[in-house]
Amino acid sequence: MELRHLRYFVAVAEEGSISRAAARLNIQQPPLGQQIRDLEYELGLSLFDRHPKKIVLNAAGAVFLADARDILKRAGQAVENVRRYDKGEAGQLSVGFTSSASLHVLAPKLLQQFRLSYPLVKIAVEESETYELILALQEGRIDAALLHIDANRFPDLASTVLSEEDMIVAIPLGHPLADERLGPITLKMLEGQDVVVYRRPDGPGIFERILQSLDRAGVTPAIVDEVYRIIAAINLVAGGRGVTIVPTSMQVLHPEVIAYRALAPGQLSPLPLCIAYRRDLKLSIVRNFVALTKDIAAVPPHMRDRA
């Protein structure tokens, strides 16, 4: 039994006539009649009561008609599903974010626009540290990630810079450096200050770059705590433990107890936000997401809400 047998059967059942069904299917009457007889032979029963000028479904045929319609509908849906999947219009997309990248203004915009553009795609979001996300990308457990490092250094990964943001100093309120009358903060002003750093033991991240800049400036801060996550560092600043340097997007955290002060021009280079993905980009759904992120990032910030 093939799907064409079911299509022929449904047409005859709905038309109540071999001739009208043949016209509807654009085939000759004799082959159509033979196909219906072949189907009945395979089933071992009659599906129609035949009369001189008409053919009428019998009780068995009525039962079979419901199943035949359902099978044809599901077969058509299966074809549509796989075509949508092949085009990247359906399926599941897994996206990773570092905690700092998740607070970037672009992060919710990317997810929102992708959901609007591809409503049949289910998006799974994972938040983790940079190198755990890199490993997840390499192992195929996630499809893309928003990071603050260039993933092109890894042979099987690629990345594109979407945006750049300035770095600022997070300072407990009441700390001498929190006084706005001091003007923009310089790295020299951090000499001897208690500093909370956030870094992983398994690879470089944001703060390694900051420490390198401090070293080049001849500044030796007093590192009082080392934590794995940037949000943990900000929580320690909120508790008065010390100061830290964070991306501008992080200033939404604890503004009631933390003063976020701008750095003087030229003190630190802007921090990139990158979209990272596997270099082969085999899945259309991932290609679509990467392309959309690049398109949105290319729109000037004041125009993004209209895009």
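Residues numbered from 1 in each chain as written. Predicted model: local features only at pLDDT ≥ 70, side-chain atom pairs only at ≥ 80, totals over all residues. Heavy atoms only, no water.

### Section: the packing of aromatic side chains
The geometry of an aromatic ring pair is captured by the separation of the ring centres together with the interplanar angle, meaning the angle of the planes.
Link 1 in the chain: As enumerated under the stated definition, the model contains six aromatic pairs in all.
Link 2 in the chain: Note on Phe9 and Phe64: the rings are 5.1 Å apart at their centroids and 55 degrees apart in plane angle, and the pair reads as tilted. Here Phe9, found in helix 1 (residues 3-15), pairs with Phe64, found in helix 4 (residues 59-86); they are 55 residues apart in sequence, far enough to count as distant. Like Phe9, the residue Phe64 is buried in the burial classification.
Link 3 in the chain: Residues Phe114 and Phe289 carry aromatic rings whose centres are separated by 5.3 Å and whose planes lie at 85 degrees to one another, so their mutual orientation is edge-to-face. (Phe/Tyr/Trp six-rings, centres within 6.5 Å; stacked < 30°, edge-to-face > 60°. Helix = DSSP H or I, 4+ residues; strand = E, 2+ residues; numbered from the N terminus. Buried < 20%, exposed > 50% of the residue type's maximum accessible area, 1.4 Å probe, protein only.)

### A look at the sheet that holds strand 6 (residues 157-165)
Link 1 in the chain: The five strands are arranged 4-3-5-12-6 in an open sheet whose pairing can be described as mixed. Edge positions in the sheet fall to strand 4 (121-127) and strand 6, since each has one partner strand and no second. Neighbour-to-neighbour, the strand axes of this sheet turn through a mean angle of 20 degrees, independent of strand direction.
Link 2 in the chain: Here eight bridges tie strand 6 to strand 12 (residues 271-278), and the two strands are oriented antiparallel to one another. Across the sheet, residue Leu157 finds its bridge partner in strand 12, namely Arg278. (Pairing = 2+ DSSP bridges. Axes fitted to C-alpha atoms, helices over the stretch in contact; angles between N-to-C directions.)

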